[in-house]
Amino acid sequence: MGQSKNPSLLEIKLSQLKQIEREILLLYYVEGYSDQEIANALGLSAVAIKKRRGRIIQRLKHQLSRVE
């Protein structure tokens, strides 16, 4: 018997991110790319990637903590 998989709150919040924000998180946390490698791929500086990633994570933490 197959179970229907309901998306978790985190999955929902991730789906609501801008595409570039999802790409940054995917490349860093799933694919294991460095900030410099992501920066090269997206045409940004490594510092910009690190700052964006930090802001994205903070925003997600804040959104998820408000639910509890």
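Residues numbered from 1 in each chain as written. Predicted model: local features only at pLDDT ≥ 70, side-chain atom pairs only at ≥ 80, totals over all residues. Heavy atoms only, no water.

Novice: How would you explain the nonpolar core if you had to name every residue and give the values?
Specialist: By size, the foremost hydrophobic cluster in this structure holds five residues: Ile 24, Leu 27, Ile 38, Ala 39 and Ile 49. When residues of this core are traced back to their parent elements, those giving at least two are helix H2 (19–30) and helix H3 (35–42). Setting aside anything within four residues of it in sequence, one finds Ile 49 in contact with Ile 24, Asp 35, Ile 38, Ala 39, Leu 42 and Leu 44. (Core = buried A, V, L, I, M, F, W, Y, C linked by side-chain atoms within 4.5 Å. Buried < 20%, exposed > 50% of the residue type's maximum accessible area, 1.4 Å probe, protein only. Helix = DSSP H or I, 4+ residues; strand = E, 2+ residues; numbered from the N terminus. Contact = heavy atoms within 4.5 Å.)

Novice: Give me the lowdown on the packing of aromatic side chains, citing residues and values where you can.
Specialist: Under the definition given, this model contains one aromatic pair. Ring plane angle 80° and centroid distance 4.8 Å describe the contact between Tyr 28 and Tyr 29, whose orientation is recorded as edge-to-face. For Tyr 28, a relative accessible area of 28% corresponds to the partly exposed category. The class for Tyr 29 is partly exposed, based on a relative accessible area of 48%. (Phe/Tyr/Trp six-rings, centres within 6.5 Å; stacked < 30°, edge-to-face > 60°.)

Novice: Any details on the pattern of salt bridges? Residues and values, ideally.
Specialist: For the structure shown, the criterion picks out two salt bridges. Where Asp 35 meets Arg 53, a salt bridge forms, and the shortest distance between an N and an O atom there is 2.8 Å. Note that Asp 35 is positioned in helix H3 and Arg 53 in helix H4 (residues 46–67), a separation of 18 residues in sequence. With respect to burial, Asp 35 and Arg 53 carry one shared label: buried. (Salt bridge = Lys/Arg side-chain N within 4 Å of Asp/Glu carboxyl O.)

Novice: Outline H4, supporting the account with residue identities and numerical values.
Specialist: Between its first and last C-alpha, H4 extends 32 Å over 22 residues, near the 32 Å set by a 1.5 Å rise per residue. Among the residues of H4, those classed as buried are Ile 49, Arg 53, Ile 56 and Leu 60. One side of H4 carries all its buried residues, which in axial view fall inside an arc of 65°. Exposed residues on H4 whose side chains face more than 90 degrees from its buried face are Val 47, Lys 50, Lys 51, Arg 55, Gln 58, Lys 61 and Arg 66. Looking at the buried residues of H4, the elements they touch are helix H1 (9–15), H2 and H3. (Expected span 1.5 Å × (residues − 1). Arc of directions from axis to C-beta.)

Novice: Talk me through the packing of H3 against H4; I want residue IDs and the actual numbers.
Specialist: Where H3 meets H4, the closest approach of the two axes is 8 Å, and the angle between their N-to-C directions is 105°. Classified by the angle their axes make, H3 and H4 are roughly perpendicular. Two secondary-structure elements touch here, H3 through Asp 35, Gln 36, Ile 38, Ala 39 and Leu 42 and H4 through Ala 46, Ile 49, Lys 50 and Arg 53. Split into classes, the residues belonging to the contact of H3 with H4 amount to five nonpolar, one polar and three charged. (Axes fitted to C-alpha atoms, helices over the stretch in contact; angles between N-to-C directions. Parallel < 35°, antiparallel > 145°, perpendicular 65-115°, else oblique. Nonpolar A, V, L, I, M, F, W, Y, C, P; charged D, E, K, R; others polar.)

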